[in-house]
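An overview of the molecular structure
Below, each chain spelled out in residue letters.
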Amino acid sequence: MSESTLRIGVLFPDVLGTYGDTGNALILAERARRRGIDAELVTVSLNEDIPAELDLYTLGGGEDTAQSLAAQKFRDDSGLLHALDAGKPLLAICASLQVLGHWYRDARDERVEGLGVLDVTTDPQGHRAIGELVCEPLLEGLTQPMSGFENHGGGTVLGPNARPLGRVIAGVGNGTPEGMTPEPIAYDGVVQGSVIATYMHGPVLARNPELADLLLTRATGLELAPLDVPGVEALRAERLDFACR
Ligand code: GLN
């Protein structure tokens, strides 16, 4: 951590904040505070510069038009690239996963250049994946099945430098671009460098506290004590049960 206060960035909630994804930053801050770690949210709007010196970054989902504004901004402002070069952790949801890739094609068949920090490309699937998504995590440090809500038209293909976050148990996850043969095993999300990206909304950290704590551990370098927040485990279990029905 750069200072005694953990500074959590919420980038462009004005264009990347669907389905309560900005809640991910609130959850990170609250889980830090309950362990005695001071935390503050740094909200950055689309017309502001991206600070490179925060401890942890969050990015949410967005509709195609909003998402293309964010992509343009990332191409113009190198703040996030500097932060990632310094190894700062970043959580990216859905549209942000697509924007961080080399490029994506949206529902209007427009190809939009991405930031290129994830070795992925995205094309339309020809249908929207909407509903509950459950994954078995593949990332070291995560042991519990994860659940979230997905709603996306894009299907994302991973290149050799990107690894999936989880294996899909229910739902679609990264999906398959139209015309491509689906892989026998479906995966969700992308892990590359200090970036963890997923198609799971929810917000995903409300439903998957283990992922929140993994991000906090990476951002603080501290070993975190277990945290028993009433209701969190009940929500996790209830959502998993609902999604697997
Ligand atoms: N617009 C993108 C898609 O439909 C991302 C949607 C989202 O962030 N929920 O694929």
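No experiment lies behind these values; they were computed from the predicted model shown.

What follows deals with the environment of Gln67. Of note, Gln67 is situated in helix H2 (residues 64-76). As for Gln67 and Val99, which are separated by 32 residues in sequence, their C-alpha atoms are 7.4 Å apart. Non-local contacts of Gln67, meaning those with residues more than four positions away in its chain, are made with Leu16, Gly62, Ala95, Gln98, Val99 and Tyr104. Polar contacts involving the side chain of Gln67 include one to the side chain of Gln98, which spans 2.8 Å.

Moving on, we get to the UniProt feature "binding site: substrate" (unreviewed entry) in the chain. According to UniProt, the positions carrying the feature "binding site: substrate" (unreviewed entry) are Arg128. Following the sequence through the fold, Arg128 ends up in strand E7 (residues 120-137). A relative accessible area of 49% means that Arg128 is categorised as partly exposed. With residues near it in sequence (within four places) discarded, Arg128 still touches Asn151, His152 and Gly153. A polar contact is formed between the side chain of Arg128 and the side chain of Asn151, at a distance of 2.8 Å.

To continue, consider the environment of Gln98. Within the fold, Gln98 resides in helix H4 (residues 95-99). The exposure class assigned to Gln98 is buried, which follows from its relative accessible area of 6%. Apart from residues no more than four positions distant in its own chain, Gln98 is found in contact with Gln67, Tyr104, Thr122, Gly154, Thr156 and Tyr199.

What follows concerns the UniProt feature "domain: CobB/CobQ-like glutamine amidotransferase" (unreviewed entry) in the chain. Summarizing the sequence annotation, UniProt attributes the feature "domain: CobB/CobQ-like glutamine amidotransferase" (unreviewed entry) to residues 7-208 in the numbering used throughout. The span residues 7-208 is 20% helix and 35% strand, and its two end C-alpha atoms sit 21 Å from each other.

Following the criterion strictly, the structure yields 16 salt bridges and no others. Among the ionic pairs, Arg108 bridges to Asp106, the shortest N-O distance being 3.1 Å. Looking at Asp106, the relative accessible area reads 3%, which means it is buried. Connected through shared salt-bridge partners, Glu132, Arg207, Glu238 and Arg239 make up one network.

In this section: the site of the ligand. Around the ligand, the surrounding shell holds 14 residues, and the nearest of these are Asp64, Gln67, Cys94, Asn151 and Gly153. In this structure, Gln67 approaches the ligand through a side-chain N or O atom, which is 2.8 Å from a nitrogen atom. In isolation the ligand has 300 Å² of accessible area, and contact with the protein removes 95% of it. Within the residue set of the shell around the ligand, elements represented by two or more residues are H2, H4 and strand E8 (146-158). For the shell around the ligand, the per-class residue count stands at three nonpolar, nine polar and two charged.

Looking now at the packing of helix H1 (residues 23-33) against helix H6 (residues 209-220). H6 packs onto H1 with a crossing angle of 70° between their chain directions and a minimal axis gap of 10 Å. It follows from the interaxial angle that H1 and H6 lie roughly perpendicular. Contacts between H1 and H6 involve Ile27, Leu28, Arg31 and Ala32 from the first element and Pro209, Ala212, Asp213, Leu215 and Leu216 from the second. For the contact of H1 with H6, the per-class residue count stands at seven nonpolar, no polar and two charged.

Spatially, six strands are ordered E2-E1-E3-E4-E12-E11 in an open sheet, and the strand pairing comes out mixed. Lying at the two open borders of the sheet, with one neighbouring strand each, are strand E2 (39-44) and strand E11 (190-192). On average, adjacent strands in this sheet sit at an angle of 15° to one another, irrespective of strand direction. Sheet topology places strand E1 (residues 6-11) next to strand E3 (residues 56-59); three bridges connect them, and they run parallel. Across the sheet, the residue bridging to Gly9 is Tyr57, located in E3. Taken strand by strand, H1 contacts E1, E2, E3 and strand E4 (90-93), and its axis lies near 160° from that of E2. Against the sheet, H6 contacts E1, E3, E4 and strand E12 (195-198), and its axis sits at roughly 160° relative to E12.

Examined against the element boundaries, Asn24 turns out to sit in helix H1. When near neighbours in sequence (up to four residues on either side) are disregarded, Asn24 contacts Leu91, Ile93, Pro203, Val204 and Leu205.

Conventions and cut-offs
Residues numbered from 1 in each chain as written. Predicted model: local features only at pLDDT ≥ 70, side-chain atom pairs only at ≥ 80, totals over all residues. Heavy atoms only, no water. Helix = DSSP H or I, 4+ residues; strand = E, 2+ residues; numbered from the N terminus. Contact = heavy atoms within 4.5 Å. Polar contact = N/O pair within 3.5 Å; in protein donor to acceptor, adjacent residues only side chain to side chain. UniProt positions renumbered as here; feature names shortened; annotations may be inferred. Buried < 20%, exposed > 50% of the residue type's maximum accessible area, 1.4 Å probe, protein only. Salt bridge = Lys/Arg side-chain N within 4 Å of Asp/Glu carboxyl O. Near = heavy atom within 4 Å. Areas by Shrake-Rupley, 256 points an atom, 1.4 Å probe, with all protein chains shown as cover. Nonpolar A, V, L, I, M, F, W, Y, C, P; charged D, E, K, R; others polar. Axes fitted to C-alpha atoms, helices over the stretch in contact; angles between N-to-C directions. Parallel < 35°, antiparallel > 145°, perpendicular 65-115°, else oblique. Pairing = 2+ DSSP bridges.

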